[in-house]
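Structural features, examined
One letter stands for each residue in the lines below.
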Amino acid sequence: MVVMYSSYDEAFRLSIEESDRFWGEAAQEIQWDKKWDRVLDDTRKPFYRWFSGGKMNTCYNALDFHVENGRAEQVAIIYDSPVTGTIRNITYGELLGDVSKFAGVLRSLGVEKGDRVVIYMPMIPQTVVAMLACARIGAIHSVVFGGFAANELSVRIEDAKPKIVVSASCGIEPKGPILYKPLLDKAIDLSSHKPERCVIFQRPQARAELIEGRDIDWDEVMKGAESTGCVSVEATDPLYVLYTSGTTGVPKGVVRDNGGHAVALKWSMRYIYGVEPGDVYWAASDVGWVVGHSYIVYGPLLHGCTTVLYEGKPVGTPDPGAFWRVISQHKVKVLFTAPTAFRAIKKEDPSGSYIKKHDISSLKYLFLAGERLDPDTYHWASGLLNIPVIDHWWQTETGWPIAANCVGIEELPVKPGSPTKAVPGYNVKILNEEGEEQGPEKEGIIVVKLPLPPGCLPTLWQNDKAYIDSYLSDFEGYYLTGDGGYVDKDGYLFIMGRVDDIINVAGHRLSTGGMEEVVSKHPDVAECAVIGIEDSLKGQVPIGFIVLKSGTTKDHELLKKEVKDMVRSEIGAIASLKEVYVVSRLPKTRSGKILRSTMRKIADGKTYKIPSTIEDPAVLGEIEDILKA
Ligand code: COA
Ligand code: AMP
């Protein structure tokens, strides 16, 4: 039964006032082994659960169901890899075969329902196979973005305690292969938890040395594998844990459940993105990020779409026409990517001349998220493509959009700079620091009134307390998004940026606090501050300020390089500090809090007020002089 909503307003009203009916209807699009007892289970507030008592399997809904219902020959994944010169179409039938076999492999290695499997893989079909195989047997996957270095991987292994790690010999960046195996080995060395086995997919571009007794070759083990069927899990059982940057160096393990996630993602494909089963949908992101989980893998497959798995960049693989080539070659209907990708294309091809070389008439919508869509990029993209360009706002924690123009319900007029309105299910409010609701046009802290809709994080991995402390304790009854903004008089939401120490660099979410922890480990650094400043290509980039220990005589240039190298090697190349400045003191309040937001304003050339709590205003003068120079 396809539900038709008469308008956005009507859908939104229903989702809040009659949420059981709204989500109960949406849940009928999912195949259940046992129907839920309750749509919304609020018996353990503030831990709300959706579809409790229900049983299902996410992999069944993403694969078996489609194969049993006439989609066996339909392409499920188009693997398009300009970095290896490969294009491969994988049908639903083939994907089901591979997933069932890899599920058998996991089973033969002793993986049971509830066990964790860390997946440290590049953008190849085997990554999707590994994720779905976990879902098939009720194991919990935790995918780690391939751009993270050994230390970050190790922190995740330590927390998730995986029985098995699945990895590949290398990822491929335009500059060449990135060897994963040495990073994996180092991460396991660093971690006190040791996985029992590592399954390694050997790529021809760089094969890895396997450790006997621990490492297993993917191809070898798949040869003798027996296919395995789906295990019925509780709707509330975890499907995956995805670690994301918090305000400290310790990442947060965002938990996603099975039932609510499947219902929400399936719903979002039709009503937010406007796609139908059989359509080609492309999220140009990475499976290591939430966008990849939700809209490269689960959303499109749950909805019976064809998903594009693109192992390449917007530019340089080979040119700024790469996206247009993929759209025209695979008849992509909806493209979802980060604004930074469009800024990269715009920088290399400002007139959009590469578009003319391709027929991109299949493209109906461009969705952008991950960072603020600046009006320049919006106007450039919409002028060139001549289709609706839709900003939408969400987070790893929610797993699907909080605000969007839900084109499958009703296409609302676009206001550049705004991700339109709250998506049905999200009761978005703006509060001031005292927790008072703010009227139109008044900026404040963006929160969502509980309960969050299905699909959003029910908690953090084995850490209910951190879940409450991080998200629910600032304003009772509300989920703290961490973003600031306002709603205008027409109900359009405007996101003004994070109110904490999280930054977004080229669509990658990073913690400046995490970077500070690395920088402060340098033996010559007494204290430091890392802030994100505006960047015309990447949106934001991190810069560091260091105060040296007295008596340090080391050359400053050498020191700066060492600090930059430490951040790259401990967090990953995506976290490169653009600049490091040596200062005599950091600006602080009298209680010792570093004035990061004032520093940010100075660095961005914005007007700023000297905070009344400042310890010594002269310190700001030094920062200004250094940045001007
Ligand atoms: N594995 C290993 N290394 C990776 C990596 C990965 N998956 N992804 C990025 N890196 C490395 C890059 O090779 C680069 O290394 P270098 O400094 O040694 O050259 C470094 O991390 C920075 O990469 P990136 O942030 O991608 O910057 P860039 O200048 O190479 O490219 C863009 C800029 C805008 C083209 C690129 O960032 C991009 O495509 N962004 C879109 C991101 C996106 O889709 N995010 C998902 C959110 S929806
Ligand atoms: P991530 O968890 O990586 O998806 O990052 C989430 C954060 O990215 C949000 O809290 C915002 O700060 C930012 N973000 C995502 N989408 C948007 C958007 N459309 N506009 C503004 N900021 C965004």
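What comes next concerns the included structure. (Residues numbered from 1 in each chain as written. Chains lettered and ligands numbered in written order. Predicted model: local features only at pLDDT ≥ 70, side-chain atom pairs only at ≥ 80, totals over all residues. Heavy atoms only, no water.)

**Details of the sheet that holds strand S23 (residues 427-431)**
Keep this limit in mind: When DSSP finds two or more bridges between a pair of strands, those strands are recorded as paired. In this text, helices come from DSSP runs of H or I with a minimum length of four residues, and strands from runs of E with a minimum of two, each type numbered from the N-terminal end. Axes here mean lines fitted to C-alpha atoms, for a helix over just the part in contact, with angles spanning 0 to 180 degrees between N-to-C directions.
Ordered by their spatial adjacency, four strands build an open sheet running S23-S24-S25-S26, and the pairing between neighbours is antiparallel. The open sheet terminates on both sides in strands that have one partner only, identified here as S23 and strand S26 (493-498). Each adjacent strand pair in this sheet contributes to an overall mean axis angle of 50°, direction not counted. By the bridge criterion, five bridges tie strand S24 (residues 444-449) to strand S25 (residues 478-487) in an arrangement that is antiparallel. The partner of Gly-444 across the bridge, within S25, is Gly-485.

**Focus: the site of ligand 2**
We apply this condition: Working definition: residue near molecule or strand if any one of its non-hydrogen atoms lies within 4 Å of it. Nitrogen and oxygen atoms within 3.5 Å of one another constitute a polar contact, given that in protein one can donate a hydrogen and the other can accept it, and given that sequence-neighbouring residues count only through two side-chain atoms. The Shrake-Rupley method, run with a 1.4 Å probe sphere, supplies the accessible areas, and residue values consider only the shown protein chains as cover. Nonpolar residues are Ala, Val, Leu, Ile, Met, Phe, Trp, Tyr, Cys and Pro. Charged residues are Asp, Glu, Lys and Arg, and all others, Gly as well, are polar.
Near ligand 2, the surroundings consist of 14 residues, among which His-392, Thr-396, Asp-483, Arg-498 and Arg-509 are the closest. Between a nitrogen atom of ligand 2 and a side-chain N or O atom of Asp-391, the distance comes to 2.7 Å. Here Asn-504 contributes a side-chain N or O atom positioned 2.9 Å from an oxygen atom of ligand 2. Protein contact buries 94% of the 490 Å² of open area that ligand 2 shows by itself. Across the shell around ligand 2, the residue classes break down as three nonpolar, five polar and six charged.

**Examining the site of ligand 1**
Glu-173, Lys-175, Pro-314, Lys-538 and Arg-568 are the nearest of the 20 residues found near ligand 1. At a separation of 3.5 Å, a nitrogen atom of ligand 1 approaches a polar backbone atom of Gly-147. Interatomic distance of 3.1 Å between a side-chain N/O atom of Lys-538 and an oxygen atom of ligand 1. In isolation ligand 1 offers 950 Å² of accessible surface; the protein chains occlude 80% of this area. Tallied by class, residues from the shell around ligand 1 come to nine nonpolar, six polar and five charged.

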